[in-house]
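Results of the structural survey
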Amino acid sequence: MSFKYGIDTLTVDKVLDIANGKLVAEITPEAREKVLICREKVEAIANNNKPVYGINTGFGPLCEVQITPEETKALQRNLLLTHAVGVGNPIDKKLSKIMMICKVHALCQGFSGVRLELIERIIYFIENDLLPVVPEQGSVGASGDLAPLAHLFLPLIGEGEFWVGDDIKSAKAILELHGVKPIQLHSKEGLGLINGTQFILAHTIVGLNKMQYLLDMADVAGAMSIEGYQGSFSPFKDELHRIRPYKGTIEVAERMFMLLYRSQNVDSHENCGRVQDPYSMRCIPQVHGASRNAYYHLNELAEVEMNSVTDNPIVLSESEAISGGNFHGQPLAMALDYCSVAAAELGNIADRRCYLLLEGKYGLPRLLTTGGGGLNSGFMIPQYTTAALVTENKSLCFPPSADSVPTSLGQEDHVSMGSISGRKFNQILGNLEKILAIELMYGAQALEFRRPNTFSDIIEDNFRIIRSKVPKLEDDRALKADIDAMIELVRTQAFNLR
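Structure report, in brief. Quick caveat, the model's predicted, so the values are computed rather than measured. (Residues numbered from 1 in each chain as written. Predicted model: local features only at pLDDT ≥ 70, side-chain atom pairs only at ≥ 80, totals over all residues. Heavy atoms only, no water.)

1. Here's the deal with the overall build of the protein chain
A tally of helices and strands in the protein chain yields 19 helices and eight strands. Principal-axis analysis of the C-alpha atoms places the extent of the protein chain at approximately 85 × 50 × 45 Å. By residue count, 56% of the 498 residues in the protein chain fall in the buried class. Considering only contacts in the protein chain between residues 6 or more positions apart, those separated by 24 or more positions represent 79%. When the accessible area of the protein chain is evaluated, it comes to approximately 20,800 Å², of which 52% is carbon and sulfur surface. Charged side chains in the protein chain number 48 positive and 60 negative. The centres of these two groups are separated by 4 Å. (Helix = DSSP H or I, 4+ residues; strand = E, 2+ residues; numbered from the N terminus. Buried < 20%, exposed > 50% of the residue type's maximum accessible area, 1.4 Å probe, protein only. Contact = heavy atoms within 4.5 Å. Areas by Shrake-Rupley, 256 points an atom, 1.4 Å probe, with all protein chains shown as cover. Lys, Arg positive; Asp, Glu negative; His and termini not counted. Charge placed at Lys NZ, Arg CZ, Asp CG, Glu CD.)

Set out below in structure tokens:
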């Protein structure tokens, strides 16, 4: 089984499988034919006197300046060189690889007009882990991700840099090592490479993959907190959610039911007399479910985007190339900002559950420790950390897509800032991992005070996973190592979620 560039449909899982070497991707004869036919159309336009943007004209504000065939190659090279103005730390190497995979799939659909040779060289980079160094800042997400894509493809022409392990080496030296000569770009090719939303899209793909796991992780952490708090089981019954049937809410309610099913601890306080729990316990289906709905929306849009052509102009025939706006990042940018709020809210409600477990109610000791009376702070201080992370996430929730700064002498007068949305989305998810790690640590400690009661098989299994790295807290000890161990368990997806 292999993936056919330009023919098959990409998904988040397929992109990641290609990037991780689990799925082979290839250009089939059908895709080759589409690429070759489109290239013939570009050659015909390039040799015509009629001005067509990006093929025989300048770019941006110089779109009305016609370029001779002799000047085209220098123009395309200059395009990459002048647009490679990114700053800041390099993005993760995996993001560079995902960007190239998504770009190849778009180019192979036969509307971009680049040569087959160029696509094959990008595939060579992918298959040989020749991963370009791409700075994280500098894209406004409108004429595509111009700066990051320019950096991504500088090595094609012998410029820029590659990762070699954790070191950075000049692309020229690495190409020589591989016995590969730089490519000379032809008409339309520079523009076809740097116009597109692949920087925004790569951050979206990585974020969606992480969020899918963290949504399930949040349910597990919430269930452990409910067990420790001896909260009510009834808010998760199906009858309640079928009369307000949001997809995410129903799914979370079903998961909570599964996570608490056949718990001796739940049965032990069935007639305790408490009427209702605080919202952070009782409203888990509604809050976690809303975040799931946001995830589903972004995933749907991302799948449209990764199977789309987002460069410019789009070549339709030997006489028509439409200069439009498929490179504009707004469709993803707005949904990324929405999903950032959704991810932040998972952390917000988790922090509240941590706080409840510290209050010393319903049979739990204050601060989750019985050691030494007032001598021990117990688990008081890690909640300060969750509070700080929650507030940091709130500050990251400002929507970049609500902003626009004109560029290109006003030609690009409305931009998406989607690259910033994508980066912030992943920052928020990174903070969420830490918040949930601390809640899980709190939940495990709270369960200790409900013994000899037992819990559902899945909760017991996760309790054992936690205790394999973090022992029960008796008297005060340095908790930094415990927190780091919990974060590593979350990051490595060590928990049983289903």
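Structure's up, so let's keep going.
2. Here's the deal with the nonpolar core
With 140 residues, the main nonpolar core has Tyr-5, Leu-193, Met-217, Leu-440 and Phe-495 as its most contacted residues. Looking at this core, the element that brings in the most residues is helix α9 (residues 198-229), giving 18 residues. Dropping the residues within four chain positions of it, Phe-495 is found in contact with Tyr-213, Met-217, Leu-440, Asn-462, Ile-465, Ile-466, Met-486, Leu-489 and Val-490. Ranked by size, the runner-up nonpolar core spans eight residues in total, among them Val-42, Ile-45, Ala-46 and Ile-55. (Core = buried A, V, L, I, M, F, W, Y, C linked by side-chain atoms within 4.5 Å.)

3. So, the packing of α9 against helix α17 (residues 418-448)
Helix packing for two helices is described by the angle between their axes and how far apart those axes are. At a minimum axis separation of 9 Å, α9 and α17 run at an interaxial angle of 20°. Considering the angle they form, α9 stands roughly parallel to α17. Helix-helix and strand crossings are classified by hand; for α9 and α17 the assignment is left-handed. Here the contact of α9 with α17 is built from residues that sort into 19 nonpolar, ten polar and five charged. (Axes fitted to C-alpha atoms, helices over the stretch in contact; angles between N-to-C directions. Parallel < 35°, antiparallel > 145°, perpendicular 65-115°, else oblique. Left-handed = near helix turned anticlockwise from the far one by under 90°. Nonpolar A, V, L, I, M, F, W, Y, C, P; charged D, E, K, R; others polar.)

4. Notes on helix α15 (residues 330-358)
Here α15 contains 29 residues, and its C-alpha end-to-end distance of 43 Å stays within 8% of the 42 Å for a straight helix at 1.5 Å per residue. Of all 29 residues in α15, 22 are buried; the element is thus mostly enclosed. Of the residues one or two after α15, Gly-360 is the one with positive phi, at around 80°. (Expected span 1.5 Å × (residues − 1).)

5. Observations regarding the environment of Asp-351
Position of Asp-351 among the secondary structure elements: in helix α15. A relative accessible area of 4% means that Asp-351 is categorised as buried. It is 7.2 Å that separates the C-alpha atoms of Asp-351 and Glu-439, two residues lying 88 residues apart in sequence. In this structure, Asp-351 is in contact with Gln-383, Thr-386, Ala-387, Val-390 and Ile-435, ignoring residues within four places of it in sequence.

6. Focus on helix α4 (residues 93-107)
With 15 residues, α4 should reach 21 Å at 1.5 Å per residue; the first-to-last C-alpha distance of 21 Å fits that figure. The buried count for α4 comes to 13 of 15 residues, which makes it a mostly enclosed element. Its side-chain oxygen at 2.8 Å from the backbone nitrogen of Lys-94, Asp-92 defines the N-terminal cap of α4. (Polar contact = N/O pair within 3.5 Å; in protein donor to acceptor, adjacent residues only side chain to side chain.)

7. Section: the pattern of salt bridges
Taken as a whole and assessed by the stated rule, the structure comprises 28 salt bridges. The partner of Arg-292 in a salt bridge is Glu-251, and the shortest N-O contact between them spans 3.1 Å. Here Arg-292, found in helix α14 (residues 284-306), pairs with Glu-251, found in helix α11 (residues 247-260); they are 41 residues apart in sequence, far enough to count as distant. Here Glu-433 makes a salt bridge to Arg-491, at a shortest N to O gap of 3.4 Å. With a gap of 58 residues between them, Glu-433 in helix α17 and Arg-491 in helix α19 (residues 480-491) connect regions that are remote in the sequence. Relative accessible area serves as the criterion here: at 44%, Arg-491 is assigned to the partly exposed category. (Salt bridge = Lys/Arg side-chain N within 4 Å of Asp/Glu carboxyl O.)

8. A closer look at the packing of aromatic side chains
How two aromatic rings sit relative to each other is given by the distance of their centres and the angle of their planes. Tallied over the entire structure, the rule returns seven aromatic pairs. Note that Lys-247 overlies the ring of Tyr-296, its terminal NZ or CZ placed 4.0 Å from the centroid. The cationic tip of Lys-472 hangs over the ring face of Phe-449; the distance from NZ or CZ to the ring centre is 5.3 Å. (Phe/Tyr/Trp six-rings, centres within 6.5 Å; stacked < 30°, edge-to-face > 60°. Lys NZ or Arg CZ within 6 Å of the ring centre and 35° of its normal.)

9. Topic: the side chain of Thr-197
Residue placement: Thr-197 occurs in the loop between α8 (189-194) and α9. Within the structure, Thr-197 has its side chain in polar contact with the side chain of Glu-305 (distance 2.6 Å). The contact partners of Thr-197, leaving out residues within four places of it in the chain, are Asp-145, Glu-305, Thr-310, Phe-327, His-328 and Gly-329.

10. Some points on the state of the cysteines
According to the stated counting rule, one finds zero disulfides in the structure shown. Between Cys-38, a free cysteine, and Cys-108, which holds the nearest cysteine sulfur, the sulfur-to-sulfur gap is 11 Å. No disulfide involves Cys-354; its nearest neighbouring cysteine sulfur is the one of Cys-283, lying 17 Å away. (Disulfide = S-S within 2.5 Å.)

11. Considerations on unusual backbone geometry
A cis amide bond, omega -5°, links Asn-312 with the succeeding residue Pro-313. Note that Pro-313 resides in the loop between α14 and β7 (314-315). Note the cis peptide between Arg-451 and Pro-452, where omega equals 15°. Relative to the elements of secondary structure, Pro-452 occurs in the loop between α17 and α18 (457-467). With a phi angle near 60°, Arg-262 is a residue other than glycine that sits in the positive phi range. Considering the arrangement of structural elements, one finds Arg-262 in the loop between α11 and α12 (264-268). The exposure class of Arg-262 is exposed, given its relative accessible area of 67%. Even without a glycine there, the phi angle at Gln-493 is positive, about 55°.

12. Description of the pairing of strand β6 (residues 167-170)
In terms of strand pairing, strand β5 (residues 161-164) meets β6 through four bridges, oriented antiparallel. Pairing of Phe-162 across the sheet is with Lys-169, part of β6. Count of turn residues in the β5/β6 antiparallel hairpin: two residues, of which Gly-165 carries a positive phi of about 65°. (Pairing = 2+ DSSP bridges.)

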